[in-house]
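Structure assessment
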Amino acid sequence: MSELKEWEFYKTLLETTNAIPWQINWDTKEFSYIGPQIESLLGWPQDSWKSAQDWIDRMHPDDRDKTVGMCIQLSDDGTDHEADYRALTQDGGYVWIRDVVHVIRENDKTIAIIGFMFDISERKSMELELEELNKKNQALLLQDPLTQVANRKALNERIEFEFKRAERNKRPLSILFIDIDHFKKYNDDFGHLQGDQCLIAVAQLLKNQFSRAYDFVARFGGEEFVVILPETTLEDAVLSAERFRKAVAHLAIPSLTASQHANITVSIGVNTHGSGQNYLNVSSFLQSADQLLYQAKAEGRNQVRFLS
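To keep things clear, this report deals only with the structure shown in the data block. Given the structure is predicted, the values throughout are model-derived calculations rather than measurements. (Residues numbered from 1 in each chain as written. Predicted model: local features only at pLDDT ≥ 70, side-chain atom pairs only at ≥ 80, totals over all residues. Heavy atoms only, no water.)

Let's talk about the sheet that holds strand β1 (residues 20-25)
Judged by pairing direction, the sheet is antiparallel, and its 5 strands sit side by side in the order β2-β1-β5-β4-β3 without closing on themselves. Here the strands that pair on one side only, and so sit at the sheet edges, are β2 (30-34) and β3 (81-88). When strand polarity is set aside, the average angle formed by the axes of neighbouring strands in this sheet is 30°. Across 4 bridges, the pairing between β1 and β2 is antiparallel. Directly across from Asn25, in β2, lies its bridge partner Glu30. Contacts from helix α4 (residues 61-77) reach β3, β4 (94-106) and β5 (109-119), with the element oriented near 150° to β3. (Pairing = 2+ DSSP bridges. Helix = DSSP H or I, 4+ residues; strand = E, 2+ residues; numbered from the N terminus. Axes fitted to C-alpha atoms, helices over the stretch in contact; angles between N-to-C directions. Contact = heavy atoms within 4.5 Å.)

Have a look at this one:
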């Protein structure tokens, strides 16, 4: 392939991706290149991006000082970095952007920076919605006082929110119904205070295992817990459920003496809304997951059941 054809190939490749490529000469602070996709995203013509000052001027005032200061310092130091900020559109709105920056250096001096701009508005909107929802949950004390995970009321609110969002975005939503096997016998054998320690230990393990920003762990009641997994397929949810089930076998529960021994197991029902298995409403979705849990218990406990 000739150099000209090779350049045209890579140029076409860059300009047909959703990510927006760019390059800045670090000595002059002028754009050497920016992809034409910038116009469809922000409205500003490709040829209006002359220098880094255009990038600075088209940034939300609340994000400007922190973002620009960080990028200049890390670029001068030769450190690759990322930056999230709101970019001004030509019609006066704002779009959340993530810039992924690679620094090019010669003789210990930065000569250029290159990178890609990504539109992260949808992801940022979800994060901000979840932050607001989490603040609301905390403000209303929607937390189980014993296990320190969300309570039934918080679960009801969150599942409604996630179900509607999954419907709107046509993305999978998975849920785990979890029950501690033979918990009544555990209480009878070791006492209710030790039973509380068991519940606390299981809840903590759940929080550790399901720790993504949008994962949600709640106590459904008694010895039952529920985990909501947005953006998660049935296959991934089942794998996560199996990892948790196996981890419970190694769970160290405080207060048990050396002479005492208790094998804790859990039964889990896993269900997914979307990707071929759809429900009319939250109630039918929850009911199906609950039925899968009781199927796991009826078939011998210490297992995961799901609709295949």
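Moving on from the coordinates now.
Structural notes on helix α8 (residues 192-209)
Over its 18 residues, α8 runs 26 Å from end to end, which matches the ideal 26 Å to within 8%, given 1.5 Å per residue. The complete set of buried residues in α8 reads Gln194, Gly195, Cys198, Leu199, Ala201, Val202, Ala203, Leu205 and Leu206. (Expected span 1.5 Å × (residues − 1). Buried < 20%, exposed > 50% of the residue type's maximum accessible area, 1.4 Å probe, protein only.)

Description of the packing of helix α7 (residues 183-190) against α8
The contact between α7 and α8 brings their axes to 7 Å, and the two run at 135°. As far as their axial angle goes, α8 and α7 are oblique. Contacts from Phe183, Tyr186, Asn187 and Phe190 of α7 reach α8 at His192, Gln194, Gly195, Cys198 and Leu199. Residue composition of the contact of α7 with α8, grouped by class: 5 nonpolar, 4 polar and no charged. (Parallel < 35°, antiparallel > 145°, perpendicular 65-115°, else oblique. Nonpolar A, V, L, I, M, F, W, Y, C, P; charged D, E, K, R; others polar.)

Concerning the packing of aromatic side chains
Aromatic ring pairs are described here by two measures, namely the spacing of the ring centres and the angle between the planes. This model, assessed by the stated rule, comprises 9 aromatic pairs. Plain terms: the ring middles of Trp55 and Tyr85 are 5.9 Å apart, the flat faces sit at 85° to each other, and that makes the pair edge-to-face. Residue Trp55 is found in helix α3 (residues 52-57), and its partner Tyr85 is found in strand β3; the two are separated by 30 residues along the sequence. Trp55 sits in the buried class, given a relative accessible area of 12%. Between Phe210 and Phe244 the ring centres are 6.3 Å apart and the planes differ by 50°, which places this aromatic pair in the tilted class. Placement of the pair is Phe210 in the loop between α8 and β7 (216-221) and Phe244 in helix α9 (residues 234-248), with a sequence separation of 34 residues. Comparing Phe210 with Phe244, the two get one shared label, buried. Through successive ring pairs, a cluster of aromatic residues spans Phe163, Tyr279 and Phe285. Here the basic side chain of Lys29 rests over the ring of Trp26, its NZ or CZ set 4.3 Å away from the ring centre. (Phe/Tyr/Trp six-rings, centres within 6.5 Å; stacked < 30°, edge-to-face > 60°. Lys NZ or Arg CZ within 6 Å of the ring centre and 35° of its normal.)

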